[in-house]
Amino acid sequence: MITVKINTGEVKAAVKRLAGRCENLRPAMEDIGEYMIEATRQRFVSGTAPDGSAWKQNRPATLVAQAYRKAGGTVLRKGEKAKIPGGALAGKKPLVGESKRLSTEISQRPSSSRVEIFSSLEYAAVQQFGAAKGAFGKTRRGAPIPWGTIPPRPFLGLSDKDKKEVLDIIGEHLSGS
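In what follows, the accompanying structure is described. All figures in this text were calculated on a predicted structure; none of them were measured in a lab. (Residues numbered from 1 in each chain as written. Predicted model: local features only at pLDDT ≥ 70, side-chain atom pairs only at ≥ 80, totals over all residues. Heavy atoms only, no water.)

Overview of helix 2 (residues 26–46)
No. 1: With 21 residues, helix 2 extends 30 Å between its outermost C-alpha atoms, agreeing within 8% with the 30 Å of an ideal straight helix rising 1.5 Å per residue.
No. 2: Three or more residues of helix 2 are buried, namely Ala28, Met29, Ile32, Gly33, Tyr35, Met36, Ile37, Ala39, Thr40, Arg43 and Phe44.
No. 3: Taken from the residues just after helix 2, Gly47 is the one with a positive phi, measuring 70 degrees. (Helix = DSSP H or I, 4+ residues; strand = E, 2+ residues; numbered from the N terminus. Expected span 1.5 Å × (residues − 1). Buried < 20%, exposed > 50% of the residue type's maximum accessible area, 1.4 Å probe, protein only.)

What to know about helix 6 (residues 160–175)
Within an α-helix, residues lying three or four positions from one another point in the same direction, as the helix has 3.6 residues per turn.
No. 1: With 16 residues, helix 6 should cover 22 Å at 1.5 Å per step; its first-to-last C-alpha distance of 23 Å lies within 8% of that length.
No. 2: Among the residues of helix 6, those classed as buried are Asp162, Val166, Leu167, Ile169 and Ile170. For helix 6, the angular spread of the buried residues around the axis is 155 degrees, confining them to a single face. The outward face of helix 6, more than 90 degrees from its buried face, is lined by the exposed residues Asp160, Lys161, Lys164 and Ser175.
No. 3: Phi turns positive, to about 80 degrees, at Gly176, one or two residues after helix 6. (Arc of directions from axis to C-beta.)

Here's the deal with the nonpolar core
No. 1: Ranked by size, the top nonpolar core spans 12 residues in total: Ile37, Phe44, Ala49, Trp55, Leu95, Val96, Leu102, Ile106, Leu121, Ala124, Phe155 and Leu156.
No. 2: With 11 residues, the next largest nonpolar core counts Val11, Ile32, Val166 and Leu167 among its residues. (Core = buried A, V, L, I, M, F, W, Y, C linked by side-chain atoms within 4.5 Å.)

Written out as structure tokens, the structure is:
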């Protein structure tokens, strides 16, 4: 599991106000968590980080390898040409694999004072923060893991829009609506 802490002054102050008025903040934290899960899933649709920047596109070699596997191949050997069905590489978005697990397995853990938004997938941290070629060692055959540098593509975090929505959710709970 990866952890990305977000402590914005405005949101912290609003949570303190809410804590001063309520005995149990868990319902508010659950609402914030539900909103943040949906906001995070939308980042996979738009291909953007919480700060609004576009995720780096997949490299052509990555797209070819993915399409090759999708067509029933396993691993391309040196010098082997992949037989890729026409259009297989069109419109492929970064971080959206065949299973779409990274975009769909976003969870929340609310408590009485905070909410954690996370992915328990073991490769989530690499996608969030990136990894250098060979950062995780080598295969039995001596190939680097990963075989190329993976750029960071942050999907967890609080955008300006999210911050406003979280403040609105807290406001609703403060007003009792």
